[in-house]
Amino acid sequence: MSVAQDTRSPVVSARPTGGPEGREGAATGGVRLSGVRKSFGSLDIIHGIDLTIPEGAFTVFVGPSGCGKSTLLRMIAGLEEVTDGIIAIKDRDVTDLDPSDRGIAMVFQSYALYPHMSVRDNLAFGLKMASTPKEEIERRVAAASAILKTDHLLDRRPGQLSGGQRQRVAIGRAIVRKPDVFLFDEPLSNLDAELRVSMRIEIARLHRELGNTMIYVTHDQTEAMTLADVIVVLREGRIEQVGSPREIYENPSNSFVAGFIGSPRMNLLKARQEGRNLGLADATLVAPFAAAARASGTEVTFGIRPEHLSVGHEKIEGRSLEVVVDFSEYLGGTQYLYCQLSDGQAITVEYRSPVPVKPGDRIILSWAPDWIRLFDPAGMRLRADEA
Amino acid sequence: MTVVATLSRQPGRPRSRSSAWRGLLYIAPAMALVILFFVVPVIVTAWMSLHAWPLMGAQRWIGISNYVRMIHDARFLSALRFTGLYTVVATIAIFAVAFPLALFVEKQRRFVGAYRTVIFLPVVVGLATASLLWVWLANVDSGFIGPLLKELGLVERSPNLLASFDAAFLTIIVMVVWKIAGFTMIILLTGLQAIPSDIVEAARIDGAKRWQRFRYLTLPLMRRTIALALIISVTGSILAFDQFYIMTAGGPQNRMISVVYYIFNQSFVSFNLGYGASLSIVLLAILVAISIVQLWLLKVGDDKA
């Protein structure tokens with residue numbers, strides 16, 4: 001365990017390419033899930049998850065609601081029983097341990113502060129339960145509230161605090177316990193947009209300062225992208241992809257991940273294989289890589305992100321599409337054009353030029369072939385080497 | 001037109017006066033009921049309490065003599081003492097049974113709905129009916145409890161449960177607990193269910209064991225609910241009458257006469273309506289005082305959750 005710790009710098013400052021490294025790493029001090037399942041009666045919620053989270057990594061579980069990300073987190077916390085499989089923290093099997101014996105601390109979406117206790121007592125409660133000496137409690141409470149700048153709130157009740165302050169206290173309560181792993185269950189969802197951004201930065205700073213393993217559940221992909229060393233995309237109790245934010249964004253392994261990460265979402269258009277080319281609406285496009293092995297007429301999903309489309313007026317043979325602008329959203333720095341292909345499929349374009357574009361205009365969209373992502377009818381990514 | 005417009009734009013007295021009238025109109029039905037069935041009777045009772053008021057014949061103004069008489073009335077004082085004893089014992093017994101039951105039926109488990117219903121069932125029985133039922137259960141010969149004890153060989157002769165003070169008192173306490181605990185349980189249950197589950201989970205992560213969670217979270221967070229259940233239980237016990245009247249008729253050696261029972265005796269057996277009225281006023285004052293104390297307890301450390 002200590003060896004594993006020593007091989008890493010104690011404070012993870014740079015973003016490790018945590019994903020692939022983590023999946024292969026045998027002796028990590030982080031969190032390891034093997035074959036973890038959860039069912040409620042006959043209903044399976046989590047279908048066998050294998051995941052290794054390297055020590056010190058900021059890992060974000062992201063997915064649409066009902067994907068099991070919170071359940072998975074609660075299983076790591078020990079609040080939900082594990083139907084099958086093993087959970088290990090710092091190479092110690094904790095599958096059947098009490099939550100308080102796992103070396104974890106959790107921050108809840110609702111803050112879950114004890115309403116009848118002062119902030120000080122809230123922070124001290126865990127230590128008090130563990131019969132920590134008084135001076136030690138005071139020292140650690142003071143240290144935690146210094147980190148989170150909540151000193152002036154110590155004698156107040158949670159009811160007298162704002163949402164942001166409450167969440168700080170909740171995080172403070174986690175820090176005081178000096179856990180190996182921090183668990184965050186959508187901690188920012190109850191805050192307004194502005195506070196969410198500042199608390200997000202705060203949490204990132206906290207991770208840099210403490211260097212602990214942190215597991216963070218969110219459905220907000222901005223939080224996922226900005227905070228994570230490793231993103232775990234979940235859907236219906238299964239892992240869809242694990243990787244760094246850049247990997248996930250640039251190399252989604254299936255159309256679900258492609259569509260889920262990124263805002264506005266990636267354009268996923270129905271196309272057909274036509275010999276070496278692709279047929280999309282009434283246009284014939286050059287496939288980005290040799291796809292000779294695929295039979296003509298096979299359906300393919302043609303994916304391209306809105307920011308990788310450029311707007312022009314001249315057609316480039318095989319690398320452009322003519323579309324009609326439906327309506328546009330002006331966001332100041334940029335503008336989103338919602339357009340229609342000749343066969344009615346919708347396509348979104350990010351447009352930065354000051355030249356005005358009106359609804360009803362016909363424009364030509366073109367792209368660099370590198371940005372095209374192709375998926376098979378089942379949604380799996382088609383890659384150059386496979387084709 | 002313009003005049004009306006100017007007037008209505010002014011945020012002045014006409015509007016607020018009319019909305020005050022409308023407010024009065026809304027509370028009028030409730031006020032009428034309260035006045036008719038509470039305020040007027042209290043005033044009449046207070047008026048009667050200042051008279052020697054026999055059922056027949058002329059009433060006579062005697063000032064506060066009834067209240068002076070009360071201070072030296074040994075039977076009244078013993079009724080007060082007995083009511084106090086009964087209130088304390090019954091309330092403790094009800095809570096001692098209702099709290100564990102509430103904890104038991106709070107958890108989602110199989111048949112929990114059936115448990116809740118069964119435990120709550122006696123509450124819907126009338127107190128007089130329940131008293132009659134228990135008179136039969138406690139009967140020496142044709143009852144249930146005594147003969148059962150005899151059948152089991154625990155006693156030689158079937159005991160007369162209502163013949164000695166201790167046994168009768170115990171029987172009545174058991175009957176009241178059986179009858180009331182379900183209601184208290186439901187009140188406590190709502191308090192338990194109002195505690196957010198993530199607070200309990202946070203405490204589990206903080207390492208609080210079951211007992212510690214009960215001591216440091218459940219009890220403090222249920223303070224208001226407990227206070228409510230307490231007020232209902234205490235008030236009900238102080239006003240107890242049916243069970244003593246029906247089950248023991250004042251009990252062995254007249255030792256089970258509660259205050260309300262004594263008021264009843266004075267008013268409708270001895271026909272001292274004036275004295276009975278003055279006793280009622282004192283009882284009302286006692287109840288108000290106790291309720292004020294309990295409401296004050298209810299507000300202690302009032303915190304916003």
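Cut-offs and rules
- Residues numbered from 1 in each chain as written.
- Chains lettered and ligands numbered in written order.
- Predicted model: local features only at pLDDT ≥ 70, side-chain atom pairs only at ≥ 80, totals over all residues.
- Heavy atoms only, no water.
- Helix = DSSP H or I, 4+ residues; strand = E, 2+ residues; numbered from the N terminus.
- Buried < 20%, exposed > 50% of the residue type's maximum accessible area, 1.4 Å probe, protein only.
- Areas by Shrake-Rupley, 256 points an atom, 1.4 Å probe, with all protein chains shown as cover.
- Lys, Arg positive; Asp, Glu negative; His and termini not counted.
- Charge placed at Lys NZ, Arg CZ, Asp CG, Glu CD.
- Rg over C-alpha atoms; globule rule 2.2 N^0.38 Å.
- Contact = heavy atoms within 4.5 Å.
- Pairing = 2+ DSSP bridges.
- Axes fitted to C-alpha atoms, helices over the stretch in contact; angles between N-to-C directions.
- Buried area = accessible area lost by both parts, 1.4 Å probe.
- Salt bridge = Lys/Arg side-chain N within 4 Å of Asp/Glu carboxyl O.
- Polar contact = N/O pair within 3.5 Å; in protein donor to acceptor, adjacent residues only side chain to side chain.
- Phe/Tyr/Trp six-rings, centres within 6.5 Å; stacked < 30°, edge-to-face > 60°.
- Lys NZ or Arg CZ within 6 Å of the ring centre and 35° of its normal.
- Core = buried A, V, L, I, M, F, W, Y, C linked by side-chain atoms within 4.5 Å.

This next bit is on the overall build of chain A. Secondary structure summary: chain A contains 10 helices and 21 strands in total. If you line up chain A on its principal axes, its C-alpha atoms span 75 × 45 × 45 Å. Within the span of chain A, comprising 387 residues, buried residues form 53% of the whole. Of the accessible surface of chain A, which amounts to about 17,200 Å², a share of 49% is contributed by carbon and sulfur atoms. Computed over 45 positive and 50 negative side-chain charges, the inter-centroid distance for chain A is 3 Å.

Here we take up the overall build of chain B. Along the backbone of chain B there are 14 helices and 2 strands. For 305 residues, the compact-globule estimate of 2.2 N^0.38 gives 19 Å, and chain B exceeds it by more than 25% at 26 Å. By principal-axis analysis of the C-alpha atoms, chain B measures approximately 95 × 75 × 30 Å. Here chain B holds 305 residues, and 36% of them are scored as buried. Considering only contacts within chain B whose residues lie at least 6 apart along the sequence, 67% involve residues at least 24 apart. Approximately 18,000 Å² of chain B is accessible, and the part contributed by carbon and sulfur atoms is 70%. Side chains of chain B carry 26 positive and 12 negative charges; the gap between the two charge centres is 13 Å.

With that out of the way, let us pick up the sheet that holds strand β2 (residues 43–53) of chain A. Residues and elements named next belong to chain A. Pairing in this open sheet of 4 strands is antiparallel, and the strands run β2-β1-β4-β5 from one edge to the other. The sheet terminates laterally at β2 and β5 (92–93), the two strands that pair on one side only. Across the face of the sheet, helix α3 (residues 69–77) comes into contact with β1 (31–40), β2 and β4 (84–89) while running at roughly 115° to β1.

Locating B:T184 in the fold gives a position in helix α8 (residues 165–193). Between the C-alpha atom of B:T184 and that of B:R204, which follows or precedes it by 20 residues, the distance is 28 Å.

Glancing now at the interface of chain B and chain A. Listed per partner, the contact involves 20 residues of chain B and 26 residues of chain A. Together, the buried faces of chain B and chain A total about 2,000 Å²; carbon and sulfur atoms form 60% of this surface. The largest share of the area that chain B buries against chain A comes from B:R204, B:I205 and B:D206, three residues that together contribute 34% of it. There are 2 salt bridges connecting chain B and chain A. In this structure, A:R74 engages B:E201 in a salt bridge whose closest nitrogen and oxygen atoms are separated by 2.7 Å. There are 8 residue pairs in polar contact (both at pLDDT 80 or more) connecting chain B and chain A. Contributions of two or more residues to the side of chain B that touches chain A are made by α9 (197–205) and α10 (210–221) of chain B.

Turning next to the packing of aromatic side chains. All names here are of chain B. This structure, assessed with the given rule, holds 27 aromatic pairs over all chains. Seen in terms of ring centroids, F241 and F264 are 5.2 Å apart; in terms of plane orientation they differ by 55°. Their pairing is tilted. Residue F241 is located in the loop between α11 (223–238) and α12 (242–248), and its partner F264 is located in helix α13 (residues 259–269); the two are separated by 23 residues in the primary sequence. Members of the aromatic cluster, connected to one another through ring pairs, are F82, Y86, F165, F169 and F244. It is R69 that lies over the ring of Y275; its NZ or CZ is 3.7 Å from the centre.

For the structure on display, the rule yields 21 salt bridges over all chains. Between A:R32 and A:D91 there is a salt bridge, with its nearest N and O atoms 3.3 Å apart. In this pair, A:R32 is assigned in strand β1 and A:D91 in the loop between β4 and β5, connecting sequence segments 59 residues apart. Overall, the relative accessible area of 29% leaves A:R32 in the partly exposed class. On the basis of relative accessible area, A:D91 is assigned to the partly exposed category, the value being 38%. Across the salt bridge formed by A:K90 and A:E55, the nearest N and O atoms sit 3.5 Å from each other. Within this pair, whereas A:K90 is found in the loop between β4 and β5, its partner A:E55 is found in the loop between β2 and β3 (58–62), the two being separated by 35 residues in sequence. When its relative accessible area of 16% is taken as the criterion, A:E55 is described as buried. Three or more residues are tied together by salt bridges with common partners; here these are A:K38, A:R74, A:E80 and B:E201.

The next thing to look at is the pairing of strand β18 (residues 346–351) of chain A. Both faces of the sheet carry side chains from a regular strand, because those side chains alternate between them. All names here are of chain A. Of all the 6 residues making up β18, 5 are buried; the element is thus mostly covered by neighbouring parts of the structure. By the bridge criterion, 6 bridges tie strand β17 (residues 335–340) to β18 in an arrangement that is antiparallel. Bridge assignment links C339 to a residue of β18, and that residue is I347. Taking the residues that link successive antiparallel strands as the turn, the β17-β18 hairpin has 5 residues, and the phi of G344 there is positive, at about 95°.

Moving on, we get to the sheet that holds β3(A). Residues and elements named next belong to chain A. Across the sheet, 6 strands lie side by side as β6-β7-β8-β3-β9-β10; this open sheet has mixed pairing. Looking at which strands have only one partner, the edges of the open sheet turn out to be β6 (104–107) and β10 (238–243). Taken pair by pair, the neighbouring strands of this sheet meet at an average axis angle of 20°, ignoring direction. Two elements, strand β9 (residues 230–235) and β10, share 5 bridges in a ladder whose sense is antiparallel. Each bridged residue has a counterpart across the sheet, and for L234 the counterpart in β10 is I239.

By the element assignment, A:I104 lies in strand β6. When its relative accessible area of 1% is taken as the criterion, A:I104 is described as buried. Taking the C-alpha atoms as reference points, A:I104 and A:A77, 27 residues apart in sequence, are found 6.6 Å from one another. Contacts of A:I104, omitting those with residues within four sequence positions, involve A:A77, A:I89, A:P99, A:R177, A:P179, A:V181, A:L183 and B:I205.

Here we take up the side chain of B:H51. All names here are of chain B. Turning to its location among the elements, H51 is positioned in strand β1 (residues 51–52). Within the structure, H51 has its side chain in polar contact with the backbone oxygen of W47 (distance 2.7 Å). When sequence neighbours within four positions are dropped, the list of residues in contact with H51 reads Q59, R60, W61, I62, N66 and G274.

Below, the discussion takes up the nonpolar core. Residues and elements named next belong to chain B. If you look at the biggest cluster of nonpolar residues, it comprises 56 residues, and the most contacted ones within it are Y86, L188, F244 and M256. Counting only elements with at least two residues in this core, the list comes to α4 (74–106), α5 (112–120), α6 (127–137), α8, α11, α12, α13 and α14 (273–299). With 14 residues, the top contributor of residues to this core is α8. With sequence-adjacent residues up to four places away left out, F244 is seen in contact with F82, Y86, I172, A249, G250, M256, S258 and Y261.

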